[in-house]
Protein chains: 2
Amino acid sequence: MRCHRLEGIHCEEITMLKQQFVVVPPSNMCRDLGGLLKSMDGADMTFNVGGEKVLAHRSVLAARSSVFKAELFGSMMENAGNPLVEISDMESDVFKSLLHFIYTDSMPEITREDVVMAGHLLVAADRYDVERLKLVCEDKLCNHIDSDTMATSLALAEQHSCPGLKEACFEFLASPSNFEAMVATDGYEHLKSSCPSILKELIARFLPAELKAAKDIIMKF
Amino acid sequence: MRCHRLEGIHCEEITMLKQQFVVVPPSNMCRDLGGLLKSMDGADMTFNVGGEKVLAHRSVLAARSSVFKAELFGSMMENAGNPLVEISDMESDVFKSLLHFIYTDSMPEITREDVVMAGHLLVAADRYDVERLKLVCEDKLCNHIDSDTMATSLALAEQHSCPGLKEACFEFLASPSNFEAMVATDGYEHLKSSCPSILKELIARFLPAELKAAKDIIMKF
């Protein structure tokens with residue numbers, strides 16, 4: 001049988017399509033759990049985040065985060081009716097975006113283009129072991145590197161073990177003008193104090209050989 | 001800039017790939033909830049299905065099935081510690097396959113090729129309003145129609161509102177030899193008694209015009 005291509009579909013495929021009486025839609029798991037997040041029907045716990053009460057379902061959190069699982073299904077919690085859990089060192093909008101991702105596997109609309117939020121969410125994802133959210137945030141930060149955000153992104157990459165983001169920063173810094181612009185920012189001061197180890201890497205990678213030799217001599221005195 | 005095609009990838013895409021430092025994997029929601037099903041950590045309810053005890057998480061069931069939601073988050077259940085719910089008229093392996101789909105959005109390995117199980121699961125999916133499972137089962141039955149299963153599939157299609165499966169059955173019956181073979185099966189007797197309405201449709205569609213006229217005359221006496 002000769003086979004023609006018709007708008008990208010093989011003729012065997014056309015035969016198959018003809019015989020298809022039922023169209024099975026793609027997975028709706030994320031939509032269904034998103035509905036649960038929206039309605040909060042049957043929520044069995046409450047978080048207190050910066051004075052704001054946020055409801056949630058222990059089963060969903062435990063399924064998606066090993067840290068929540070250990071916290072919420074520990075022996076003390078197991079029989080608690082509707083426990084109240086304090087979350088410190090996190091803004092409530094960051095925590096709510098974390099919950100949104102846990103329930104839907106997607107970023108909330110309002111934070112999708114927000115690079116600062118991506119940084120905060122990366123920290124939250126690392127804290128609660130939500131690996132895919134961490135990668136989503138890392139990817140967003142990689143795509144929005146400039147001189148202003150550079151040092152902060154590098155500090156995040158170092159403190160939260162993000163090899164991709166670190167590599168993206170290093171590639172950006174390979175241009176001397178970018179390097180100089182980064183050194184002039186406030187973020188660089190923070191980077192120096194919070195991640196001294198990264199400075200050694202920067203020197204090893206970007207300082208010209210003769211300056212490195214001079215620095216080694218100076219450091220001996 | 002000229003653009004070449006290289007193994008199906010545009011050169012602009014190659015540039016993008018070069019700049020990609022982070023690979024974000026596809027959604028792992030189904031894997032995560034599948035893990036919860038396997039471990040049953042934090043299960044907060046028990047079903048009794050044909051004498052077998054099956055654990056589950058109320059939040060997950062309610063998110064995925066409006067029927068479970070109404071049953072499990074009703075006023076009586078809301079404050080029950082770890083309720084026991086009886087399931088009647090269902091085999092435990094069918095119920096466990098239903099749970100597997102609810103937690104993972106996929107069929108269990110052992111039931112994937114089992115056409116009889118697909119029929120039972122279609123009934124369960126209709127009963128608990130798990131629409132996507134119903135379509136998955138309907139699709140499987142459409143792809144396994146033969147003279148032996150025909151009448152049963154047609155009865156299922158009629159009783160559980162499956163237009164795709166009904167159409168697939170009708171297309172199969174358009175061949176007179178298939179029609180005759182189906183009429184000779186035990187399933188046809190069951191079809192006649194359980195779905196008399198479908199017989200009218202079969203007559204309207206497949207009985208030759210002269211026989212229809214004769215039947216109308218006979219029926220008047």
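Computed from a prediction, not measured in an experiment: that's the story for all the values here.

Draft legend 1. How the structure looks around the pattern of salt bridges. Residue and element names in this part refer to chain B. Considering all chains together, one arrives at 24 salt bridges over all chains under this definition. For Asp126, the salt bridge goes to Lys134, with nearest N and O atoms at 3.4 Å. What makes Asp126 partly exposed here is its relative accessible area of 30%. Take Lys134: its relative accessible area is 7%, and that puts it in the buried class.

Draft legend 2. Geometry of the packing of aromatic side chains. Tallying each qualifying case throughout the model produces eight aromatic pairs over all chains. Between Phe68 of chain A and Tyr128 of chain A, the aromatic rings sit 4.3 Å apart at their centres with planes inclined by 10°, giving stacked as the arrangement. Placement of Phe68 of chain A in helix α4 (residues 66–72) and of Tyr128 of chain A in the loop between α6 (115–127) and α7 (131–142) is noted, with a sequence separation of 60 residues between them. Overall, the relative accessible area of 2% leaves Tyr128 of chain A in the buried class. For the ring pair Phe47 of chain B and Phe95 of chain B, a centre distance of 4.8 Å and an interplane angle of 65° mean the geometry is edge-to-face. Here the residue Phe47 of chain B occupies a position in strand β3 (residues 45–49), and Phe95 of chain B occupies one in helix α5 (residues 92–104), the gap between them amounting to 48 residues. Every member of this aromatic cluster is reached through a ring pair, and the members are Phe47, Phe68, Phe95 and Tyr128 of chain A.

Draft legend 3. Representation of the interface of chain A and chain B. Residue-level contacts link 39 residues of chain A with 39 residues of chain B. Here chain A and chain B share an interface that buries about 3,300 Å² over both sides, 66% of which is from carbon and sulfur atoms. Scanning the region where chain A abuts chain B turns up four salt bridges. Lys69 of chain B is paired through a salt bridge with Asp41 of chain A; the nearest N and O atoms lie 2.9 Å apart. At the junction of chain A with chain B, the criterion picks out 16 residue pairs in polar contact (both at pLDDT 80 or more). Those elements that place two or more of their residues in the side of chain A that touches chain B are α2 (29–39), α3 (58–64), α5 (92–104), α7 and α9 (163–173) of chain A. Grouping the amino acids of the side of chain A that touches chain B by side-chain chemistry returns 19 nonpolar, eight polar and twelve charged.

Draft legend 4. Geometry of the nonpolar core. With 131 residues, the main nonpolar core has Phe47 of chain A together with Phe47 of chain B as its most contacted residues. Setting aside chain neighbours within four positions, we find Phe47 of chain A in contact with Glu52, Lys53, Val54, Ala56, Leu61, Phe68, Leu84, Val85, Ile87 and Phe95 of chain A.

Draft legend 5. Fine view of helix α12 (residues 196–206) of chain B. All names here are of chain B. Within the sequence span of α12, burial applies to Ile198, Leu199 and Leu202. Taken around the axis of α12, the buried residues stretch over an arc of 105°, which confines them to a single face. Opposite the buried face of α12, by more than 90 degrees, sit the exposed residues Lys200 and Ala204. Buried residues along α12 sit against α8 (147–159), α9 (163–173), α10 (176–183) and α11 (186–194).

Draft legend 6. Local environment of the pairing of strand β5 (residues 84–87) of chain B. Residue and element names in this part refer to chain B. Judged by which residues are buried, β5 turns out to be one-sided: Val85 and Ile87 face inward and are buried, whereas Leu84 and Glu86, on the alternate face, are not. Two elements, β3 and β5, share four bridges in a ladder whose sense is parallel. Along β5, the bridge assignment pairs Val49 with Ile87.

Draft legend 7. Local environment of the relation of the copies chain A and chain B. Overlaying chain A with chain B gives an RMSD of 0.0 Å, the required rotation being 180° about an axis along which the chain moves by 0.0 Å. Read as a symmetry element, the transformation amounts to a two-fold axis. A shared binding surface is used by both copies, with 100% of the interface residues of chain A retained as interface residues in chain B.

Quick notes on the rules
- Residues numbered from 1 in each chain as written.
- Chains lettered and ligands numbered in written order.
- Predicted model: local features only at pLDDT ≥ 70, side-chain atom pairs only at ≥ 80, totals over all residues.
- Heavy atoms only, no water.
- Salt bridge = Lys/Arg side-chain N within 4 Å of Asp/Glu carboxyl O.
- Buried < 20%, exposed > 50% of the residue type's maximum accessible area, 1.4 Å probe, protein only.
- Phe/Tyr/Trp six-rings, centres within 6.5 Å; stacked < 30°, edge-to-face > 60°.
- Helix = DSSP H or I, 4+ residues; strand = E, 2+ residues; numbered from the N terminus.
- Contact = heavy atoms within 4.5 Å.
- Buried area = accessible area lost by both parts, 1.4 Å probe.
- Polar contact = N/O pair within 3.5 Å; in protein donor to acceptor, adjacent residues only side chain to side chain.
- Nonpolar A, V, L, I, M, F, W, Y, C, P; charged D, E, K, R; others polar.
- Core = buried A, V, L, I, M, F, W, Y, C linked by side-chain atoms within 4.5 Å.
- Arc of directions from axis to C-beta.
- Pairing = 2+ DSSP bridges.
- Least-squares fit on C-alpha atoms with pLDDT ≥ 70 in both.

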